[in-house]
Structures are given as structure tokens and as C-alpha cells.
Amino acid sequence: MSMIQKNKNAKWFIFAFLVLAAIYVLLPIVVVLMNSFKGRLFISTEPFRLPSTNPDNPTFVGLTNYVTGITKIKFFQAFGYSLWITVASVAGILLVSSMLAWFITRVKNKFTSGVYYSLVFSMIVPFQMVMFTTSKMANLLHLDNPVGIILIYIGFGCGMSTFMFSGFIKSIPLSMEEAAMIDGATPPQIFFHVIAPMLKSTGITIAILEIMWVWNDYLLPYLTIGTDYKTIPIAIQYLRGGYGAVDMGAMMAMLVLAMLPVVIFYLSCQKYIIQGVLSGAVKG
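In this text the structure is predicted, and so the values were computed from the model without any measurement. Residue positions are given per chain, counting from 1 as you read along its sequence in written order. Only residues with pLDDT of at least 70 get local features here, since the model is predicted, and only at 80 or more are side-chain atom pairs given and counted; chain-wide, interface and lining totals rely on the full set of residues. Only heavy atoms go into the side-chain values, all of them from the structure, while hydrogens and water stay out.

Q: Could you give an account of the overall build of the chain, naming the residues involved and the relevant values?
A: Each helix is a run of DSSP H or I of at least 4 residues and each strand a run of E of at least 2, with the numbering of both proceeding from the N terminus. Of the regular secondary structure elements, the chain holds 14 helices and zero strands. A compact globule built from 284 residues should have a C-alpha radius of gyration of about 19 Å, whereas the chain, at 24 Å, is more than 25% larger. Taken over the C-alpha atoms alone, the chain extends approximately 80 × 70 × 35 Å along its principal axes. Exposure classes here rest on a 1.4 Å probe applied to the protein chains alone. A residue is buried below 20% of its type maximum, exposed above 50%, and partly exposed in between. Per-residue burial over the chain gives 38% buried out of 284 residues. With residues, only the protein chains shown are counted as cover, and all accessible areas are computed by Shrake-Rupley using a 1.4 Å probe. Of the accessible surface of the chain, which amounts to about 16,900 Å², a share of 71% is contributed by carbon and sulfur atoms. The globule rule is 2.2 Å times the number of residues to the power 0.38, and the radius of gyration it is compared with is taken over C-alpha atoms.

So, in C-alpha cells, the structure goes:
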């Protein structure tokens, strides 16, 4: 077999593998979307059947599940809490971690090295090991509210983001900062006018990852702010009734609405993902 034929076979194999992987990832989303328009009984008995308006056996219920779910869990109130916490937390993570990464990359001493390796170590510590301590400290420090939880998210999110920012900043020539300093720029001006614009692709990649984490997080909000300020993941759990009863139709509909903002943001920014990951890996 010639080398050209081997390359073609390899490309077809990779293509087939990627198609199967895409189906594996997208199938659950398609099933949830289909079932969000079906009656609750049909979701349990015929989960993979397409919604039908057949008069003999109608499964399509229109937007009934969406209206029921929005009403039951006060969706728009939960959406407001989730949106505020996600936007404020991710903005704080990006600002704090990018400035910290620049500092520990340019200032070389034992303190900055200790900070850097502490943040890297925090990436491998499971949240379950510290969740009860975090919950207790949040209560003692009065961080158990929609504002205080932002500080907690910033603390947990700085490890990975600082690591990725540091990898990219190491590839930026120091001469650019020295030239700005000669022109009279102060350190804040150097960061915001020279360094920050070059962190765009890495920043968007980190933002996507952090948004998916904060938006979908259930455990941390439940342990800290509880049921007083329900985010979307917490609110959806209240569709479970007594004795294990679950309104599956409304739950499927709310899952679709919960996924929609993240999917839209991801699709609009996906071109920056590979660029940001690769740039963060340079000299990392």
C-alpha cells in the first residue's frame, strides 16, 4: 500500500472517529430537546421517539412544559441570580488572575514561585475535600450571599486561569514592556495598554471554561447561599416532588433553557479556543 493511500485511510479513520464522537456528545442534548416538547408520560415510555401531533397518539404538547417550568421554579429570578454570579465571578477571575500571572512571571523570587506552585497545586485538590470548610468559612465571613460567593469563585478559579495566562505571558518579549517604561508608562499602564490586549485569545478561552463551570455549578451555591438565592441548577431540583415524583417534561424544558446561554456564548467564541489553548502552552 502506497504512502498516499495510507494517508487517505488515516484521514477517513480520523473523520469517522470524530463523527462518532460528535454523535456521542450531541445525542443527549438532542434527546433532552425532543423530550422538552413531549408529555411527561411519553418521556418515560418513549424517550427516543420524536414529538408527534398524531391525533391517535399525540406526544407533542408545544410550549406547555416551558410555561410550567418557568412558573414553578420562578425561572427568571433564578436566571438573574445565575447571570449576576457568573458574569461577576468570571470578570473577577480574568482580572485578578491575569494581573497575578503577569506579576509572578516578571518578578522572580521565592514568594512568587511559592504563589505559582500553590495555585497549580490547587488545581488537583478535589472540591469535596474542602467543601465543608468552605461552607463554614463563608458563613463566618458573611460570604453566604450573591455578592460574597463571587469572592469564593474567584479564589477557586484563579488556579487554572493563572496557569494559562502565565504560559502565554512568558512568550511576550520583555523588550515591549521596557520600551513602554522608557516612554514613561507606569506598571498599570503597561499591563492594561500593552499586556492585556495581547491576552484576548487566552482570556476568551479561560472565560468559556469558567462560564461553563460557574453557570452549571450546583454544589458550591447550594452549600453557601442555600435556597435563599436559588441559581438555575438549584431551582431545577425543585421540580422533584414528594416520594420521588419528577415533572420530567418541565425539567427537560428548563434544562434546555439552562444550556442555551452557554451554548450561544460557546458557539460565538469557539474560534478563539484552540488559539488560546495553544498560546497558553507556549513556554508554559
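Q: Describe the layout of surface pockets, naming the residues involved and giving the relevant values.
A: As defined here, a cavity is a set of points on a 1 Å grid over the protein atoms alone where a 1.4 Å probe fits but cannot get out. A pocket is an open set with protein on both sides within 12 Å along at least five of seven lines, and residues line them when an atom is within 4 Å of a point. Grid points are joined across faces, edges and corners, and a volume is the space filled by probe spheres set on the points. Considered as a void within the structure, the largest pocket measures approximately 530 Å³ in volume. Leu 26, Ile 29, Met 259, Val 262 and Val 263 are, among the 15 residues lining the largest pocket, the residues nearest its centre. Taken together, the elements giving at least two residues each to the lining of the largest pocket come down to α1 (3–35), α10 (200–216) and α13 (248–269). Counting residues per element, the lining of the largest pocket draws most heavily on α13, which supplies nine residues. Polar here means any residue other than Ala, Val, Leu, Ile, Met, Phe, Trp, Tyr, Cys and Pro, which are nonpolar, and Asp, Glu, Lys and Arg, which are charged; Gly is therefore polar. Taken together, the residues that form the lining of the largest pocket break down as 14 nonpolar, one polar and no charged. When its volume is computed, the second largest pocket comes out at roughly 430 Å³. As for the second largest pocket, its lining consists of 16 residues, and the residues nearest its centre are Ser 122, Val 125, Phe 156, Gly 157 and Trp 213. Counting residues per element, the ones that place at least two in the lining of the second largest pocket are α7 (148–169) and α10. With five residues, α7 is the largest single contributor of residues to the lining of the second largest pocket.

Q: Got a sec to walk through the nonpolar core? Specific residues and values, please.
A: Ile 73, Phe 75, Ile 232, Ile 236, Leu 239 and Met 254 are the most contacted members of the largest nonpolar core, which has 23 residues in total. Looking at this core, the elements that each hand over two or more residues are α3 (64–73), α4 (75–106), α10, α12 (232–237) and α13. The contact criterion used is simple: two residues touch if any of their non-hydrogen atoms lie within 4.5 Å. In contact with Phe 75, other than residues within four places in its own chain, are Ile 70, Ile 232, Met 254 and Leu 257. Residue types Ala, Val, Leu, Ile, Met, Phe, Trp, Tyr and Cys, when buried and joined through side-chain atoms within 4.5 Å, form a set referred to as a nonpolar core.

Q: I'd love a proper account of the packing of helix α8 (residues 174–182) against helix α9 (residues 187–198), names of residues and values included.
A: Where α8 meets α9, the axes come as close as 10 Å, and the angle between the chain directions of the two elements is 155 degrees. Between α8 and α9, the crossing angle belongs to the class labelled roughly antiparallel. Handedness of the crossing formed by α8 with α9: right-handed. Every residue of α9 that contacts α8 at Met 176, Glu 177, Ala 180 and Met 181 is listed here: Ile 190, Val 194, Ile 195 and Met 198. In this description, a line fitted to the C-alpha atoms serves as the axis of each element, helices being fitted only across the stretch in contact, and the angle between N-to-C directions of two axes falls anywhere from 0 to 180 degrees. To sort the angles, those under 35 degrees are grouped as roughly parallel, those over 145 as roughly antiparallel, those from 65 to 115 as roughly perpendicular, and the leftovers as oblique. Note on convention: the crossing is left-handed when the near helix lies turned anticlockwise from the far helix by less than a right angle, right-handed when the turn is clockwise.

Q: Outline the packing of aromatic side chains, listing residues and values.
A: Any two rings among Phe, Tyr and Trp, with Trp reduced to its six-membered ring, count as a pair given centres within 6.5 Å; such a pair is stacked if its planes are under 30 degrees apart, edge-to-face if over 60, and tilted if neither. A complete count under the given rule lists 13 aromatic pairs for this structure. Measuring from ring centre to ring centre gives 6.1 Å for Phe 75 and Phe 79, while their planes differ by 35 degrees; the resulting arrangement is tilted. Here Phe 75 pairs with Phe 79, and both are found in helix α4, just four residues apart, close to one helical turn. Given a relative accessible area of 5%, Phe 75 falls into the buried group. Overall, Phe 79 belongs to the partly exposed group, its relative accessible area being 25%. Three or more aromatic residues link up through ring pairs in this structure, and these residues are Phe 75, Phe 76, Phe 79 and Trp 215.

Q: Before we move on, could you go through the side chain of Thr 134 and cite the residues and values that matter?
A: Structurally, Thr 134 is set in helix α6 (residues 131–140). A polar contact of 2.7 Å, which involves the side chain of Thr 134, links it to the backbone oxygen of Val 130. Ignoring sequence-local partners within four residues, the contact set of Thr 134 consists of Ile 152, Phe 156 and Leu 220. We define a polar contact as two N or O atoms separated by no more than 3.5 Å, with the added condition that, inside protein, one atom must be a possible hydrogen donor and the other a possible acceptor, whereas residues neighbouring each other in sequence contribute only through side-chain atom pairs.

Q: Describe the packing of α3 against α13, naming the residues involved and giving the relevant values.
A: Packing of α3 against α13 leaves a shortest axis separation of 8 Å and a crossing angle of 85 degrees. With respect to α13, the element α3 is oriented roughly perpendicular. In this structure, α3 uses Asn 65, Tyr 66, Thr 68, Gly 69, Ile 70 and Ile 73 to contact α13, whose residues at the interface are Gly 249, Ala 250, Ala 253, Met 254, Val 256 and Leu 257. Of the residues belonging to the contact of α3 with α13, the class tally is eight nonpolar, four polar and no charged.

Q: Could you give an account of the environment of Cys 158, with specific residues and numbers?
A: Mapped onto the secondary structure, Cys 158 falls in helix α7. In this structure Cys 158 comes out as buried when scored by relative accessible area, which is 6%. Sequence spacing of Cys 158 and Val 90 is 68 residues, and the spatial spacing of their C-alpha atoms is 9.9 Å. Apart from residues no more than four positions distant in its own chain, Cys 158 is found in contact with Val 96, Ser 97 and Leu 119.

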